[in-house]
Amino acid sequence: MWWMMGEGGGHYCSKKTDDICADVCGQESSRVLSMARVRCILRGLDVKTFIFLFALIPTCVFVIYVHGQKISYFLRPLWESPPKPFHDMPHYYHENVSMEHLCKLHGWGVREYPRRVYDAVLFSNELDILTIRWKELYPYITQFVLLESNSTFTGFPKPLFFANHRDQFKFVEPRLTYGTVGGRFKRKENPFIEEAYQRVALDQLLRIAGISDDDLLIMSDVDEIPSRHTINLLRWCDDIPQVLHLRLKNYLYSFEFLVDNNSWRASVHRYQTGKTRYAHYRQTDDILADAGWHCSFCFRRISEFIFKMKAYSHFDRVRFSRYLNPKRVQKVICKGADLFDMLPEEYTFKEIIGKMGPIPHSFSAVHLPAYLLENAEKYKFLLPGNCVRESG
């Protein structure tokens, strides 16, 4: 049929052609046809478009490289649902109210005698915060249990800081169970594996310390400090939950920068032989409100900030070496900004946007650990208005 054939016997092309794409019609091979279309498109682009594309693509790659983590955290609500809400338990306290009445307000009975209390921590280099923690808890702790390693969670060697400064802690010596665990120094391994390995070793040290059934065990990092009246309440009251998380006020760098009231990892356990395991994750839905303080990265010296940035489990947040520059670290501290230049780790856009930017300065030093205020000059770097750190 003449209307179906071209002059050379090939397929007839009814479409009009021009001098740019004239050779597209009549190709037998789909691959050749595709390449022809690409050539057609490229020949149709002018020089300005090429310049624009060559500038745009590297810029996009650079932005993703520098700010990819921020983009990921900002979009977190799209790919991760928020965890199940805690069951918040009201916390009642006044120094002039009897323990019997305080227990009753919480729905608990009062014991004839208090439980024994064990405070167990993994130690890295937080000497000042450890002192404040132990002074706060000292009246009510049966045994202080501390484990340290010659390795960071990231597999690098470190000094035994506590052993080297043990003389500073003579006030707890009669009630101290101290132990060390050798590091495995696997630098390319997930740091949370080393952390878990050390927490298992802490279980053994607790048994050596003499813990027994129904004793109270505080599980928290050194910088997660329960208030002494919280621990006194839990040791005197009967029928408290088997496991209870503590909601702590969340501070960064010092008690000048209050982030929120949502620190939850600290917990108190009624010990059960063969069942209780030292851990730092969510273990129950119950949480006691306003139970203490979490002061993260609350160090005296810039060198201590840099050490922790390289040593703790989230070392991957140090994406650029400039983050470790001492001048930058000092500037970030006084500004109340993020050392790792990250967005808030939240689950809704409202919470992310609400916490973006530096933390507002607080000028309140009310209801802080007593020893801190009694020694305000020594620990002034932790109080409002004293953001400059020692350079050593």
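Look up: the structure comes first, before these words.
Residues numbered from 1 in each chain as written. Predicted model: local features only at pLDDT ≥ 70, side-chain atom pairs only at ≥ 80, totals over all residues. Heavy atoms only, no water.

## Thoughts on the overall build of the protein
Here is step 1 of the chain: In terms of regular secondary structure, the protein is built from 12 helices and 14 strands.
Here is step 2 of the chain: For the protein, the residues scored as buried account for 43% of the 392 residues in total.
Here is step 3 of the chain: Residue pairs in contact within the protein that sit at least 24 positions apart in sequence constitute 73% of those at least 6 positions apart.
Here is step 4 of the chain: Accessible surface for the protein amounts to roughly 21600 Å². Of this, 58% is attributable to carbon and sulfur atoms. (Helix = DSSP H or I, 4+ residues; strand = E, 2+ residues; numbered from the N terminus. Buried < 20%, exposed > 50% of the residue type's maximum accessible area, 1.4 Å probe, protein only. Contact = heavy atoms within 4.5 Å. Areas by Shrake-Rupley, 256 points an atom, 1.4 Å probe, with all protein chains shown as cover.)

## Quick word on the sheet that holds strand 12 (residues 267-270)
Here is step 1 of the chain: Pairing is mixed in the open sheet, where 8 strands are placed in the order 1-13-9-12-6-3-4-5. Strands with a single pairing partner mark the edges of an open sheet, and in this sheet they are strand 1 (87-89) and strand 5 (176-181). Ignoring strand direction, the axes of neighbouring strands in this sheet form an average angle of 25°.
Here is step 2 of the chain: Two elements, strand 9 (residues 243-246) and strand 12, share 3 bridges in a ladder whose sense is antiparallel. Of the residues in strand 12, the one forming a bridge with Val243 is His269.
Here is step 3 of the chain: Packed on one face of the sheet, helix 7 (residues 191-209) meets strand 3 (117-123), strand 4 (143-149), strand 5 and strand 6 (216-219) and runs near 145° to strand 4. (Pairing = 2+ DSSP bridges. Axes fitted to C-alpha atoms, helices over the stretch in contact; angles between N-to-C directions.)

## As for the state of the cysteines
Here is step 1 of the chain: Tallied over the entire structure, the rule returns 3 disulfides.
Here is step 2 of the chain: One disulfide bridge connects Cys103 with Cys237, the sulfur atoms lying 2.0 Å from each other. Across the S-S bond linking Cys103 and Cys237, the dihedral sits near -90°, which makes this disulfide left-handed. Remark: Cys237 occurs in strand 8 (residues 237-238) and Cys103 occurs in helix 4 (residues 99-105); sequence separation between them is 134 residues. Cys237 shares its class with Cys103; the two are buried.
Here is step 3 of the chain: One disulfide bridge connects Cys334 with Cys387, the sulfur atoms lying 2.1 Å from each other. Measuring the twist about the S-S bond at about 90°, one finds the Cys334-Cys387 disulfide to be right-handed. (Disulfide = S-S within 2.5 Å.)

## A word on the pattern of salt bridges
Here is step 1 of the chain: Scanning the model with the defined rule gives 25 salt bridges in all.
Here is step 2 of the chain: The closest approach of N and O atoms between Arg115 and Asp214, which form a salt bridge, is 3.4 Å. You can see Arg115 sitting in the loop between strand 2 (109-110) and strand 3 and its partner Asp214 sitting in the loop between helix 7 and strand 6, a full 99 residues away along the chain.
Here is step 3 of the chain: Taking the relative accessible area as the measure of exposure, Arg115 reaches 4% and is therefore buried.
Here is step 4 of the chain: The partly exposed category is assigned to Asp214, whose relative accessible area is 26%.
Here is step 5 of the chain: A single salt-bridge network, built from bridges that share partners, covers Arg111, Arg115, Asp214, Asp238 and Arg270. (Salt bridge = Lys/Arg side-chain N within 4 Å of Asp/Glu carboxyl O.)

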